[in-house]
Structure formats: structure tokens, C-alpha cells
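Architecture and fold: a report
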Amino acid sequence: MQAAIRDPGELLRRLQLPPDLACSTAAKTFPVFAPLEYIARIVPGDRTDPLLLQVLPLPAETQSTEGFSADPLAEQDYTLAPGLLKKYAGRALLVTTGACAIHCRYCFRREFPYQQSGPPAWDESLARIAADSTIEEVLLSGGDPLTLTDPVLARLVQRLAEIPHVRRLRVHTRLPIVIPQRVNAEFLGWLTGSRLTPIVVVHANHPQEIDDPTAAALKRLRQAGVMLLNQTVLLRGVNDQAEPLIELSRRLIDAGTTPYYLHQLDRVRGTAHFETPPEVGQQLIAAMRAALPGYATPRFVQELPGEPNKTVLA
Ligand SMILES: *Cc1c(COP(=O)(O)O)cnc(C)c1O
Ligand code: SF4
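Residues numbered from 1 in each chain as written. Chains lettered and ligands numbered in written order. Predicted model: local features only at pLDDT ≥ 70, side-chain atom pairs only at ≥ 80, totals over all residues. Heavy atoms only, no water.

1. Here's the deal with the site of ligand 1
Around ligand 1, a shell composed of Lys87, Tyr88, Arg91, Leu93, Leu139, Arg170, Tyr260, Tyr261, Glu303 and Lys310 is seen. Residue Arg170 places a side-chain N or O atom 2.8 Å away from an oxygen atom belonging to ligand 1. In a pocket analysis with a 2 Å cut-off to the grid points, ligand 1 is assigned to the largest pocket. Grouping the amino acids of the shell around ligand 1 by side-chain chemistry returns five nonpolar, no polar and five charged. (Near = heavy atom within 4 Å. Polar contact = N/O pair within 3.5 Å; in protein donor to acceptor, adjacent residues only side chain to side chain. 1 Å grid on protein atoms, 1.4 Å probe; cavity = no way out; pocket = protein on both sides within 12 Å on 5 of 7 lines; lining within 4 Å. Sits in = over half its atoms within 2 Å of the grid points. Nonpolar A, V, L, I, M, F, W, Y, C, P; charged D, E, K, R; others polar.)

2. Describing the environment of Val55
In this fold, Val55 is placed in helix H4 (residues 52-55). Its relative accessible area of 1% is what places Val55 among the buried residues. Along the chain, Val55 and Gly281 lie 226 residues apart, while their C-alpha atoms are 22 Å from each other. Here Val55 is in contact with Leu11, Val32, Ala34, Tyr38, Ile42, Ile102, His103 and Arg105, once residues within four sequence places are set aside. (Helix = DSSP H or I, 4+ residues; strand = E, 2+ residues; numbered from the N terminus. Buried < 20%, exposed > 50% of the residue type's maximum accessible area, 1.4 Å probe, protein only. Contact = heavy atoms within 4.5 Å.)

3. Focus on the site of ligand 2
In the vicinity of ligand 2, the contacting residues are Cys100, Ile102, Cys104, Cys107, Gly143, Arg174 and His203. Counting atoms within 2 Å of the grid points, the majority share of ligand 2 lands in the largest pocket. In the shell around ligand 2, the residues fall into four nonpolar, two polar and one charged.

4. Section: the pairing of strand E6 (residues 197-203)
Buried residues dominate E6, accounting for six of its seven residues. As paired strands, strand E5 (residues 168-172) and E6 are joined by five bridges and run parallel to one another. In the sheet register, Arg168 faces E6, and the bridge partner there is Thr197. The parallel pair E6 and strand E7 (residues 227-233), bridged by helix H9 (residues 212-223), forms a crossover whose chirality is right-handed. (Pairing = 2+ DSSP bridges. Right-handed = clockwise from strand over helix to strand, strands pointing away.)

5. So, the packing of aromatic side chains
Overall, the coordinates contain three aromatic pairs when judged by the stated rule. Centre to centre, the rings of Tyr106 and Phe274 are 6.0 Å apart; their planes meet at 90 degrees, and the pair counts as edge-to-face. Placement of the pair is Tyr106 in the loop between strand E3 (91-95) and helix H5 (122-131) and Phe274 in the loop between strand E8 (258-263) and helix H11 (278-291), with a sequence separation of 168 residues. A residue is classified by how much of its surface remains accessible, and Phe274, at 3% relative accessible area, is buried. Plain terms: the ring middles of Tyr260 and Tyr261 are 3.9 Å apart, the flat faces sit at 25 degrees to each other, and that makes the pair stacked. Given a relative accessible area of 16%, Tyr260 falls into the buried group. Overall, the relative accessible area of 13% leaves Tyr261 in the buried class. (Phe/Tyr/Trp six-rings, centres within 6.5 Å; stacked < 30°, edge-to-face > 60°.)

6. Considering the domain arrangement of the chain
Under the domain assignment used here, the chain contains domain 1 (4-62) and domain 2 (75-312). Distance from the C-alpha centre of domain 1 to the C-alpha centre of domain 2: 24 Å. Counting from both sides, the interface comprises 23 residues of domain 1 and, opposite them, 27 residues of domain 2. For the domain 1 face of the interface with domain 2, the top three residues by lost area are Phe30, Arg41 and Gln54, together amounting to 37%. Along the contact surface separating domain 1 from domain 2 lie two salt bridges. The salt bridge partner of Glu61 is Arg105, with a shortest N-O separation of 2.9 Å. (Domains from an automatic or database assignment. Buried area = accessible area lost by both parts, 1.4 Å probe. Salt bridge = Lys/Arg side-chain N within 4 Å of Asp/Glu carboxyl O.)

7. Description of the pairing of E8
Along any regular strand, the residues point their side chains to alternate faces of the sheet. Summarising burial for E8: five of the six residues are buried, a large majority. As paired strands, E7 and E8 are joined by five bridges and run parallel to one another. Note on E8: the bridge partner recorded for Leu229 is Thr258. Taking the sense of rotation as the criterion, the β-α-β connection linking E7, helix H10 (residues 242-254) and E8 turns out right-handed. Handedness of the crossover joining E8 and strand E9 (residues 299-302) through H11: right-handed.

8. Quick word on the nonpolar core
Residues Leu11, Leu160, Leu169, Trp190, Leu191 and Leu221 are the most contacted members of the largest nonpolar core, which totals 72 residues. Residue contributions to this core peak at five residues, all from helix H6 (residues 150-161). Here this core gathers at least three residues from each of two domains, domain 1 (4-62) and domain 2 (75-312). Membership of the second largest hydrophobic core comes to ten residues, among which are Leu262, Ile285, Leu292 and Ala296. (Core = buried A, V, L, I, M, F, W, Y, C linked by side-chain atoms within 4.5 Å.)

Structure (C-alpha cells):
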């Protein structure tokens, strides 16, 4: 992560593209952060590369669009404690950190109040989880929880395992995709070393992201006995075609990872240019079903405030 590219000009220079493609205003709102391991999978000279478009700040981000806001999911309404969200039955989501190993331009947490997250806020969150015996699954999210160190995470999991009604530990992370070396022995140790059932949800959007080191990292997780799922965000110009989505599912399955969700974009400020109409996702799911085994087609879902579960669109 220390070696990651933070300067849009440098990113474009490395990819043999003109430096004026990047929008400096957009980069000020949400800085560029692209690790070398991810940049290595971008095709040089191609300004439409689907991985480049996930990390490159564009002028379109600065346009304001009706219906796109800072907190489209009304997440502040579901806050049990600073950084602890309980939106759905049985599950609580702990925002462990604001840091990520990549800055995805479409991110729905671009404007999350992260100052309330991190180890100092965990005491209150753990007390709230302990006080609510309906919580049987705790999701570590962020940001990306795997940007924290393994000793810090191991201690957190140990404390969660001490709460009798917590049964499952779910980690939502993009790090195994972005920097696959992060799937190390220490991580596998705390993930599988407690009494909690371990589930990992990774986040890959395009088959080009699943190169050999990434597939190997996913297989290490599977071999450790972890239930391994993937979620994808449907993004205009990145993966809104049947072919890449079908190939993504194939590569995930071959690496032991089940396609879980295809998400309709959350309407967060600055991301309107990535949005596709819901019908596009529905048609893509139909094309995937026609081409793939039943287990390899994800559910197409949308996050709507006030619903008891994510809304299944296909
Ligand atoms: C998506 C989400 C979950 C998990 O939902 P699943 O459908 O079980 O994957 C839990 N909490 C919050 C706040 C979420 O946004
Ligand atoms: S890794 Fe996840 S939380 Fe972080 S910027 Fe990307 S989408 Fe957002």
C-alpha cells in the first residue's frame, strides 16, 4: 500500500496515457489510490480499460445529478453505535476503518463519516453487540478491514468470539482482489482460528481482475475452509455487458468463489455516470443464466432504505 500510486498524472504516465485525462477537482474530493499490483492488470494505452475506469478520476464526477446524494442509503438511521450499523435481522456491520487498498471511483462510502471508526470506537460497538442477543453474525466492513494489521484484527475477533450469541464472522474486503499477497498465514489464522464460522465476501467487478496471483489467493481462502463469496457492482462502461460478467463468474468459480450479488449502483454523489437502468442488469442476469450453471449466476440486488433485506431485482 505504501507503494500505491496517489498521483493521477503518475498513474496516466505509467499507462502511457495523456495526463490531462484525469480531473484534478475530482481527485481533490476523493484522492487517487491505486496499488501497483492492480495497475499491472490495466492494459497500457487503453483509456477505456475497465480497471482503469474504476480508479481514474474523471470530470463527470464533478457534475451534480438529481437523486444522487452523500448518504443515499440513509445509513445514519441504522447506527447502533458510532461505526456500527444494524439494518437487517441478525446481522450487524462494523465499520472497522476508513482506509482502503484502492479508491474505487463509484464507492458508496465516499462520504461516510469515518472519523467515528477504528479501534477506539470498538469498545462501544462490542458492548452494543453483546447487549443485543439477536445479532448472530458480525460483518467486518469499512473501508477495508484487511488494511488493519493482523494482531489488531485477531484481538477484535477474539473479543467477538467471547460474545455467546455471535455465531458467524463475515469479512467484506476487496484486498484479496487488489493485493492478493494480503491473504497470508496470519490472516487465515485469525479468520479460521476462533469458534465463529468464517465467511469472506470479496469484491471483483471484471474478469481482468482475476489474474493468476488473485486466483491463487482465493484458493488459499477456500483451502482454509472459508465460505467464499463475491460481489460485483454493475458499472456502465466497465462491466455492463454479458461477456465480461459471464467470464468473471467462470473465473470466480474456478477459484472456488461463488458469485453472490450483482449490485445496482448506490446513488452516491459523483457516480451518476456509472449508473445503468435496472432493466440492463435484469437482461444481463438473464444472459448469465442462459450461459452458466445455476450456482454461477449472482442475484441482482439494490439497496433501498427502509427495506428488511436487499431488494432482489433479478
Ligand atoms: C448488505 C448489508 C448486510 C448484509 O446483507 P446480506 O444480504 O446478508 O449480504 C448487512 N448489513 C448492512 C448494513 C448491509 O448493507
Ligand atoms: S474497496 Fe470498497 S469501500 Fe474501498 S473504495 Fe473500493 S468500493 Fe469503496
